[in-house]
Amino acid sequence: YIMSLGGSEAESGGPLDVEGDAHTLTDSRDGSSGLAVNLYPILNAPMSLDHLEISEQPFHSGIIPVLHAPTPSHLGDLSTNVYAEITGVLDIPETGNYVLRLVSDDGGRLYLNDRLLIDNDGLHAPEARDSEQILEAGAYPIRVTYFQGAGGGAVSLQWAPHGADAFSVIPEEVLRYNQSDLRET
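Let us look at the structure shown here. (Residues numbered from 1 in each chain as written. Predicted model: local features only at pLDDT ≥ 70, side-chain atom pairs only at ≥ 80, totals over all residues. Heavy atoms only, no water.)

A word on the side chain of S48
Filter applied, for reference: Working definition: helices are DSSP H or I runs of at least four residues, strands are E runs of at least two. Numbering for both runs from the N terminus. In protein, a polar contact requires one atom able to donate a hydrogen and another able to accept it; more generally it is a pair of N or O atoms within 3.5 Å, and residues adjacent in sequence count only if both atoms are side-chain atoms. Contacts are assigned to residue pairs with any non-hydrogen atoms lying within 4.5 Å of each other.
When you line up the elements, S48 lands in the loop between strand 1 (35-41) and strand 2 (60-64). There is a polar contact of 2.8 Å between the side chain of S48 and the side chain of H51. In contact with S48, other than residues within four places in its own chain, are D121 and F147.

Structural data, given as structure tokens:
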């Protein structure tokens, strides 16, 4: 199943060339769907998520409809030395097999139900990492931690539900956030 997805990805131009709208991480909006995003300045030279020194208070806190920032321009004015914590709830519509994907440049991690599923940490160009899960229908807390050092940058949260022939951005309809996830700036 994963192998067939990899083939279609290669033909489409890479892991950031997927179905779904791109959004800037600082484009905040209102509504109950989407994900909470808190952005923090990094105070040291970042090498990995485990060795970041970040400010205690974010410089931006808002809501994004989906997590798909495929180019440095989609990172907004924060293209260097920034840490993002993106949180919310993923509503799985029906029980089944799901392949979750995190694409990041630089480091990123994906947690579902407080369990680390994908570790794509470090300084690197856009890299996709996948985790295949059998999920029951229902609500799952989701969290992405991401940092952008210097150079190009991108971050994207994708899935391929059972029966899909390609990855797509996890849609807004299955994402919601908790107001308590938004931090004071």
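That shown, we press on.
Some remarks on the packing of aromatic side chains
Stated formally: Side-chain rings of Phe, Tyr and Trp (the six-membered ring for Trp) are treated as a pair once their centres are within 6.5 Å; stacked means planes under 30 degrees apart, edge-to-face means over 60, and tilted covers the remaining angles. In this scheme, Lys NZ or Arg CZ marks a charge over a ring once it lies within 6 Å of the ring centre and within 35 degrees of the ring normal.
Evaluation of the coordinates by the stated rule reveals two aromatic pairs. The interplanar angle of 45° and the centroid separation of 5.9 Å between the aromatic rings of Y40 and Y83 together place this pair among those described as tilted. Here Y83 lies in strand 4 (residues 82-92) and Y40 lies in strand 1, a separation of 43 residues in the sequence. The positively charged end of R101 is found above the aromatic ring belonging to F167, 3.8 Å away from the centroid. Over the ring of Y111 we find R143, and its NZ or CZ is 4.1 Å from the ring centre.

Brief notes about the pairing of strand 7 (residues 115-120)
Stated formally: One bridge is not enough; two strands pair if DSSP finds at least two bridges between them.
In this sheet, strand 7 lies alongside strand 6 (residues 108-112) in antiparallel orientation, the contact comprising five bridges. By the bridge assignment for strand 7, Y111 is matched with L116. Taking the residues that link successive antiparallel strands as the turn, the strand 6-strand 7 hairpin has two residues, and the phi of N113 there is positive, at about 60°.

Regarding unusual backbone geometry
Definition in use: The rule is simple: take the accessible area with a 1.4 Å probe, protein chains only, and divide by the maximum for that residue type; under 20% is buried, over 50% is exposed, in between is partly exposed.
Going from D105 to D106, the amide bond is cis rather than trans, its omega being 20°. In this fold, D106 is placed in the loop between strand 5 (96-105) and strand 6. The backbone of N81 shows a phi angle near 55°, a positive value even though the residue is not glycine. Structurally, N81 can be placed in the loop between strand 3 (68-69) and strand 4. Judged by its relative accessible area of 28%, N81 is partly exposed. Even without glycine at this site, D114 takes up a positive phi of about 65°.

Here we look at the environment of I142
Considering the arrangement of structural elements, one finds I142 in strand 9 (residues 138-148). Using a relative accessible area of 5% as the deciding quantity, one classes I142 as buried. It is 7.5 Å that separates the C-alpha atoms of I142 and L110, two residues lying 32 residues apart in sequence. If we ignore the near neighbours within four places in the chain, the residues touching I142 are L35, I86, T87, G88, V89, L90, L110, Y111, L112 and L157.

A look at the side chain of N97
For N97, the position within the fold is in strand 5. N97 gets classed as buried once you look at its relative accessible area, which sits at 16%. In this structure the side chain of N97 is engaged in a polar contact, spanning 2.9 Å, whose partner is the side chain of E132.

What to know about the nonpolar core
Rules: In this text, buried Ala, Val, Leu, Ile, Met, Phe, Trp, Tyr and Cys residues form a nonpolar core when linked through side-chain atoms within 4.5 Å.
Counting 37 residues, the largest nonpolar core has L67 and L90 as its most contacted members. Elements with a minimum of two residues in this core: strand 1, strand 4, strand 5, strand 6, strand 7, strand 9 and strand 10 (154-161). Element by element, the count of residues in this core is highest for strand 4, at five residues. Contact partners of L90, with chain neighbours within four places excluded, come to L112, G138, A139, Y140, I142, W159, I170, V174 and L175.

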